[in-house]
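# Architecture and fold: a report
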Amino acid sequence: IPNLTIYQMLEVSKIISCLASCLLLFVVLKLGEAVRMEMTGMEILMLYVAFTPVFYLRGGSVGPDMLATFFVTAEFLWTLYWKKNPNWKNTLFLALLYGLGVMTKISCAIVAVYTIIVFLEKLWRSSNKKDIVGWMKKYFCFGAVSLPLGLWYSVRNYIKFQQPLSYVPDIGRQSELYIGNHTFAARFLFVDLRNLVKSPFCVVEEDYNAPVYFLKSSLFGEFSFEVPLWIPRLLLYSAIGVAVFLVLAIIWNIRHSCDNCGKDILFVSALYYVSIIMFNIKYPYGCSMDFRYMGFLAIMSGILMGRYGAYLERKRYGTTVKILFYGYSIFSILMYLWIA
C-alpha cells in the first residue's frame with residue numbers, strides 16, 4: 001500500500017494477531033470436541049478462553065505471541081487427530097502446522113515432545129516389517145516438510161551471524177528488571193498474598209513472585225489503566241476464584257485421568273508449564289513472567305476446569321460454577337469496554 005507511514009504499517013500488521021485470536025476460538029472449540037467434553041465443560045472452556053483478557057491484549061498487538069498460541073493449540077489438536085487416524089492427510093497437515101509454528105516462534109516446538117511420543121508409540125506397537133516401513137515413510141515425510149519450513153530462518157541466522165537456534169536476547173543482570181537475587185521458593189513456590197491484594201496491576205520493575213505475576217498479567221498485561229480501581233479489582237477477585245477452581249480441577253483431573261485424553265492433557269500442560277519455569281530460570285527478569293508467553297496454558301486450563309465443571313454439574317453444583325465463570329466474563333467485558 002503506497003504512502004503509508006511506519007506507524008500505519010504497524011497498525012495494519014495487528015491484523016495478523018487479531019485474526020489468530022479470532023481463529024483460535026474455532027480451534028479451541030474443535031479441541032473441546034476432540035477430547036469429548038460435555039456441554040457444561042465446553043461452556044466453561046469457551047467462556048474462559050473467549051474472555052481471558054490476554055487474548056484481547058495480544059490480539060491487538062504487534063508480535064508473534066498470539067500467532068504462536070494459535071499454532072501450538074493447532075499442533076496439539078492435530079496430534080490428537082493423528083493419534084486417532086494416522087493417515088497421510090493428517091501427517092502432512094500436522095507437519096505443516098509444526099513448520100509454520102516453529103517458523104513463527106521456536107517455542108512452538110515444545111509440544112513436539114508429545115507428538116514424538118505418540119509417533120514412537122505407534123511404531124512400538126507395529127507387529128510386522130511392512131507396518132514399520134509404512135510408519136518410517138510417514139515420519140520421514142513429516143520431517144522433510146516441518147524441519148526446513150520451521151528452521152530455515154534460524155539456520156540462516158546461525159550461518160550468517162552464528163546466532164544459536166534458540167537465541168533469546170539477554171538484557172543483562174544490571175537491568176532494573178532483574179529478579180534473580182530472589183530465591184527459587186520466593187519466585188515460584190509461594191503465592192505472595194500481600195502483592196496480590198496490594199494492586200491489581202503488575203509492576204514489572206518490582207514484582208518477582210511468578211504465580212501472582214502470571215495471574216495479574218493474564219488480566220492486564222504489564223500495563224496499568226486509568227479506570228476506577230473497583231473495576232480491575234472485581235476482575236482480579238473473580239480471577240482468584242477461577243485460580244482456586246483450577247487448583248481443584250487439576251487435583252480432580254489427576255485422579256480421573258484415564259478417560260477422554262485426560263493423561264494427554266495433563267502431560268502436555270505439565271510439559272508446557274515446566275518449559276515456562278525453565279525459561280524464567282534462564283532469563284530471571286520481570287518481563288519473562290508475562291502471561292503472553294503462556295496463552296496455550298490458558299486453553300489447557302480451560303479444558304481441565306471444563307472437565308471438572310461437568311463433573312460438578314452431575315453433582316448438582318453446576319450453577320455455582322457457571323456463576324463464577326459468567327461473573328469473570330462480565331467483569332472482563334466491563335474492564336475493557338470502560339477503557340475502549
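The coordinates are above.
In this report, we go over the structure that sits alongside the text. (Residues numbered from 1 in each chain as written. Predicted model: local features only at pLDDT ≥ 70, side-chain atom pairs only at ≥ 80, totals over all residues. Heavy atoms only, no water.)

The next thing to look at is the overall build of the chain. When helices and strands are counted, the chain shows 14 helices and zero strands. The order of α-helices and β-strands along the chain, N terminus first, is α-α-α-α-α-α-α-α-α-α-α-α-α-α. Compactness check: the chain gives a C-alpha radius of gyration of 21 Å against a globular reference of 20 Å for 340 residues, within 12% of the reference. By principal-axis analysis of the C-alpha atoms, the chain measures approximately 65 × 60 × 50 Å. Across the 340 residues in the chain, those meeting the buried criterion constitute 46%. Restricting the contact set of the chain to residue pairs at least 6 apart, pairs at least 24 apart contribute 74%. By element, 68% of the accessible surface of the chain is carried by carbon and sulfur atoms, the whole surface being about 17,800 Å². Counting 31 positive and 20 negative side-chain charges, the chain places the centres of these two groups 10 Å from one another. (Helix = DSSP H or I, 4+ residues; strand = E, 2+ residues; numbered from the N terminus. Rg over C-alpha atoms; globule rule 2.2 N^0.38 Å. Buried < 20%, exposed > 50% of the residue type's maximum accessible area, 1.4 Å probe, protein only. Contact = heavy atoms within 4.5 Å. Areas by Shrake-Rupley, 256 points an atom, 1.4 Å probe, with all protein chains shown as cover. Lys, Arg positive; Asp, Glu negative; His and termini not counted. Charge placed at Lys NZ, Arg CZ, Asp CG, Glu CD.)

What follows concerns the pattern of salt bridges. On inspection of all chains with the given rule, the structure shows ten salt bridges. A salt bridge links Glu 11 to Lys 14; its shortest N-O distance comes to 3.0 Å. Here the residue Glu 11 and the residue Lys 14 both occupy positions in helix H1 (residues 6-34), the gap between them amounting to three residues, near one helical turn. Two residues, Asp 170 and Arg 173, come together in a salt bridge whose shortest N-O distance is 3.2 Å. (Salt bridge = Lys/Arg side-chain N within 4 Å of Asp/Glu carboxyl O.)

Tracing the sequence through the fold places Asn 195 in helix H9 (residues 193-198). The residues touching Asn 195, leaving out its near neighbours within four places in the chain, are Asp 207, Val 212 and Lys 216.

Taken as a whole and assessed by the stated rule, the structure comprises 33 aromatic pairs. Ring centres of Tyr 48 and Phe 325 lie 6.5 Å apart, and the angle between their planes is 90°; this geometry places the pair in the edge-to-face category. Of this pair, Tyr 48 sits in helix H2 (residues 39-51) while Phe 325 sits in helix H14 (residues 318-338), placing them 277 residues apart in sequence. Given the relative accessible area of 10%, Tyr 48 is considered buried. Given the relative accessible area of 0%, Phe 325 is considered buried. One aromatic cluster is present, formed by Tyr 48, Phe 245, Trp 252, Tyr 308, Tyr 311, Phe 325 and Tyr 328 through successive ring pairs. (Phe/Tyr/Trp six-rings, centres within 6.5 Å; stacked < 30°, edge-to-face > 60°.)

Looking now at the packing of helix H13 (residues 295-314) against H14. It is the contact of H13 with H14, at a shortest axis distance of 7 Å, that shows an interaxial angle of 145°. Seen from H13, the contacting residues are Met 305, Gly 309, Leu 312 and Glu 313; seen from H14, they are Gly 318, Thr 319, Val 321, Lys 322 and Phe 325. Its residues assigned to classes, the contact of H13 with H14 shows four nonpolar, three polar and two charged. (Axes fitted to C-alpha atoms, helices over the stretch in contact; angles between N-to-C directions. Nonpolar A, V, L, I, M, F, W, Y, C, P; charged D, E, K, R; others polar.)

Below, the discussion takes up unusual backbone geometry. A negative phi holds for most residues other than glycine; trans holds for most peptide bonds. Of note, the phi angle at Arg 36 is positive, near 55°, even though the residue is not glycine. Residue classification places Arg 36 among the exposed residues on the basis of a relative accessible area of 57%.

Under the criterion given, the structure shown has one cavity of 30 Å³ or more. Of the voids in this model, the largest cavity is the one considered here, and its volume is about 40 Å³. Taken together, Val 54, Phe 55, Arg 58, Asp 65, Met 66, Thr 69, Arg 292 and Gly 295 form the lining of the largest cavity. For the lining of the largest cavity, the secondary-structure elements that each account for two or more residues are helix H3 (54-59) and helix H4 (65-84). When grouped by side-chain class, the residues that make up the lining of the largest cavity number three nonpolar, two polar and three charged. (1 Å grid on protein atoms, 1.4 Å probe; cavity = no way out; pocket = protein on both sides within 12 Å on 5 of 7 lines; lining within 4 Å. Points joined across faces, edges and corners; volume = space filled by probe spheres on them.)

Scope: geometric values only; no functional claims are made or implied.
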